[in-house]
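In case you want the letters, here they are:
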Amino acid sequence: MPERNEPVFDPLQPAEGEAIAPTGLGGPIDLALEEAESLEKKLGDAPTGPGEKPRSLWSDAWHQLRRNPVFVISSLMILFLVIISIWPQLIASGDPLQCDLSKSQQGSSPGHPFGYDTQGCDVYTRTVYGARASITVGVCATLGAALLGSVLGGLAGFFGGWGDSLLSRVADIFFGIPVVLGGLVFLSVVTSTTVWPVVGFIVLLGWPQIARIGRGSVITAKQNDYVQAARALGAGNGRMLLRHVAPNAIAPVIVVATIALGTYIALEATLSFLGVGLRPPTVSWGIDISNAASQIRNAPHMLLWPAGALSLTVLAFIMLGDAVRDALDPKLR
């Protein structure tokens, strides 16, 4: 008889330090081993090892974006537009300001696939060169509005108080200004033919939207436990804002700014169409659409190509913004 404190020997139980081995009898131990092996095969690629680090929000977003066909297609379209806006001579060898009145409103011909406009200018060349002004206005206006709005909104949301209230009231005033009417009033007194007055006007009316998004995102981020822990450990406001709050609150601003870029390009074309945006001799899609509007029945090709290029550009940036939003918002996964 074994003593009361001694363990009873069981042949199905492994000895100390030994792994469980299959019995070959088809019992519960064999079934458990088969399930464990299948589960191990399924989880073989998961980052569960001590040497592997889990992906961060940005790396996880990039991992998802690379597999999103919408992001790939829109990125290729935007890359092509950026390249031709910087080097339009790669695909257009003509001069957009060189016109021949004898070819006014003529259709496509060899070497001129888009035909000619009212002044006898090559529509293809002007369409290619028009990307430079639109992309420049969109990118510069987006960067200016995002920088100004995120800084003001982030500071107001982090510190609160009278500064937050003042910023909210000022933003409400700008939200109440109609964009097109404001552009007609503001840009009608400007005589410059460069893109910078249009960029300044779009930044002036575009920063409140991004400021409101940034303010709400900072208010949400500063209430997280890691920010409260940093505050309890004695971290200053500057360190908390730059190291803990801003990196976790910038994602909504990036999404809104990406979508707004396409909107700003369409706004520049609208103001140029009304005659208060970009002015000749600047080559712009809005200017060409305005010149072709009165001749749409006689020469529809004058309106078709610049309007199509504008629509594809705006669509590409909106698609990119939607893809970035889906990747950075965990609720949409």
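What you see is a predicted model; the values in this text were computed from it and never measured.

### Points about the environment of Ser104
Position of Ser104 among the secondary structure elements: in the loop between helix 3 (69-86) and helix 4 (123-159). The partly exposed category is assigned to Ser104, whose relative accessible area is 28%. With sequence-adjacent residues up to four places away left out, Ser104 is seen in contact with Asp117, Thr118 and Gly120. A distance of 2.5 Å separates a polar atom in the side chain of Ser104 from the backbone oxygen of Thr118.

### What to know about the nonpolar core
Grouped together as the largest cluster of nonpolar side chains are 29 residues, with contacts concentrated most on Ile265, Leu310, Phe317 and Leu328. Of all the elements in the fold, those that place two or more residues in this core are helix 2 (57-65), helix 3, helix 4, helix 9 (237-273), helix 10 (285-293) and helix 11 (301-328). Ignoring sequence-local partners within four residues, the contact set of Ile265 consists of Ser134, Ile135, Gly138, Leu310, Thr313, Val314 and Phe317. Core analysis: the next-biggest nonpolar cluster, separate from the first, contains 24 residues, Ala145, Val195, Val253 and Leu278 among them.

### As for the packing of aromatic side chains
One pass over the structure, following the stated rule, counts 6 aromatic pairs. Plain terms: the ring middles of Phe158 and Phe159 are 5.1 Å apart, the flat faces sit at 85 degrees to each other, and that makes the pair edge-to-face. With a centroid separation of 5.6 Å and 65 degrees between ring planes, the pair formed by Phe174 and Trp207 is classed as edge-to-face. Of this pair, Phe174 sits in helix 5 (residues 161-175) while Trp207 sits in helix 7 (residues 196-221), and the two are 33 residues apart along the sequence. Judged by relative accessible area, Trp207 falls into the buried class, the value being 6%. An aromatic cluster is defined as three or more aromatic residues linked by ring pairs; in this entry it consists of Phe114, Tyr124 and Trp305.

### As for empty space enclosed by the protein
One pass over the structure, following the stated rule, counts 1 cavity of 30 Å³ or more. Each pocket or cavity is described by its volume, and for the largest cavity that value is around 30 Å³. Every residue along the wall of the largest cavity is listed here: Leu187, Val190, Ser192, Thr194, Pro197, Val198, Val276, Gly277 and Arg279. Looking at the lining of the largest cavity residue by residue, the class counts come to 5 nonpolar, 3 polar and 1 charged.

### Considerations on the packing of helix 4 against helix 11
Between helix 4 and helix 11, the least distance of the axes is 10 Å, while the angle of their chain directions is 35 degrees. Between helix 4 and helix 11 lies a crossing whose hand is right-handed. On the side of helix 4, the interface is formed by Val123, Thr127 and Ile135, while helix 11 contributes His301, Trp305, Pro306, Ala309, Thr313 and Phe317. Grouping the constituent residues of the contact of helix 4 with helix 11 by class yields 6 nonpolar, 3 polar and no charged.

### Considering the side chain of Arg279
Take Arg279: it is sitting in the loop between helix 9 and helix 10. Within the structure, the side chain of Arg279 is placed 3.2 Å from the backbone oxygen of Leu187, a separation counted as a polar contact. Engagement of the side chain of Arg279 in a polar contact is seen with the backbone oxygen of Val190, the distance being 3.2 Å. When residues no more than four places from it in sequence are discounted, the contact partners of Arg279 are Leu187, Ser188, Val190, Ser192, Thr193 and Ile287.

### Focus on the state of the cysteines
Counted by the stated rule, this structure contains 1 disulfide. Here Cys99 is linked by a disulfide to Cys121, with a sulfur-sulfur distance of 1.6 Å. Taking the sign of the torsion about the S-S bond as the criterion, the disulfide between Cys99 and Cys121, at about 65 degrees, is right-handed. Taken as a pair, Cys99 in the loop between helix 3 and helix 4 and Cys121 in the loop between helix 3 and helix 4 lie far apart in primary sequence, 22 residues in all. A residue is classified by how much of its surface remains accessible, and Cys99, at 38% relative accessible area, is partly exposed. Overall, the relative accessible area of 4% leaves Cys121 in the buried class.

### Remarks on the pattern of salt bridges
Throughout the structure, instances matching the rule amount to 6 salt bridges. Taking the shortest distance from any N to any O, the salt bridge between Arg212 and Asp172 comes out at 2.7 Å. Placement of Arg212 in helix 7 and of Asp172 in helix 5 is noted, with a sequence separation of 40 residues between them. Connected through salt bridges with shared partners, the residues Arg169, Asp172 and Arg212 form a single ionic network.

### With respect to a nonpolar patch on the surface
There is a patch of nonpolar side chains on the surface, built from Val72, Leu76, Leu79, Phe80, Val82, Ile83, Ile86, Trp87, Leu90 and Ile91 and spanning about 890 Å² of accessible area. Its place among the elements puts Trp87 in the loop between helix 3 and helix 4.

### Brief notes about the confidence of the model for the protein
Counting all residues, the mean pLDDT for the protein is 82, and 81% of those residues have values of 70 or more. No element of the protein has a lower mean pLDDT than helix 1 (residues 28-42), at 47, and none a higher one than helix 3, at 93. Every residue in residues 28-33 is under pLDDT 50, and counting partners more than four places away or in other chains gives 10 contacts. Confidence drops under a pLDDT of 50 for residues 39-46, and excluding neighbours within four residues, the segment shows 1 contact in the predicted structure.

Rules behind the numbers
Residues numbered from 1 in each chain as written. Predicted model: local features only at pLDDT ≥ 70, side-chain atom pairs only at ≥ 80, totals over all residues. Heavy atoms only, no water. Helix = DSSP H or I, 4+ residues; strand = E, 2+ residues; numbered from the N terminus. Buried < 20%, exposed > 50% of the residue type's maximum accessible area, 1.4 Å probe, protein only. Contact = heavy atoms within 4.5 Å. Polar contact = N/O pair within 3.5 Å; in protein donor to acceptor, adjacent residues only side chain to side chain. Core = buried A, V, L, I, M, F, W, Y, C linked by side-chain atoms within 4.5 Å. Phe/Tyr/Trp six-rings, centres within 6.5 Å; stacked < 30°, edge-to-face > 60°. 1 Å grid on protein atoms, 1.4 Å probe; cavity = no way out; pocket = protein on both sides within 12 Å on 5 of 7 lines; lining within 4 Å. Points joined across faces, edges and corners; volume = space filled by probe spheres on them. Nonpolar A, V, L, I, M, F, W, Y, C, P; charged D, E, K, R; others polar. Axes fitted to C-alpha atoms, helices over the stretch in contact; angles between N-to-C directions. Left-handed = near helix turned anticlockwise from the far one by under 90°. Disulfide = S-S within 2.5 Å. Salt bridge = Lys/Arg side-chain N within 4 Å of Asp/Glu carboxyl O. Patch = residues over 30% accessible without salt bridge, like charges linked within 9 Å, V, L, I, M, F, W, Y side chains within 5 Å. Areas by Shrake-Rupley, 256 points an atom, 1.4 Å probe, with all protein chains shown as cover. pLDDT = per-residue confidence, 0-100.

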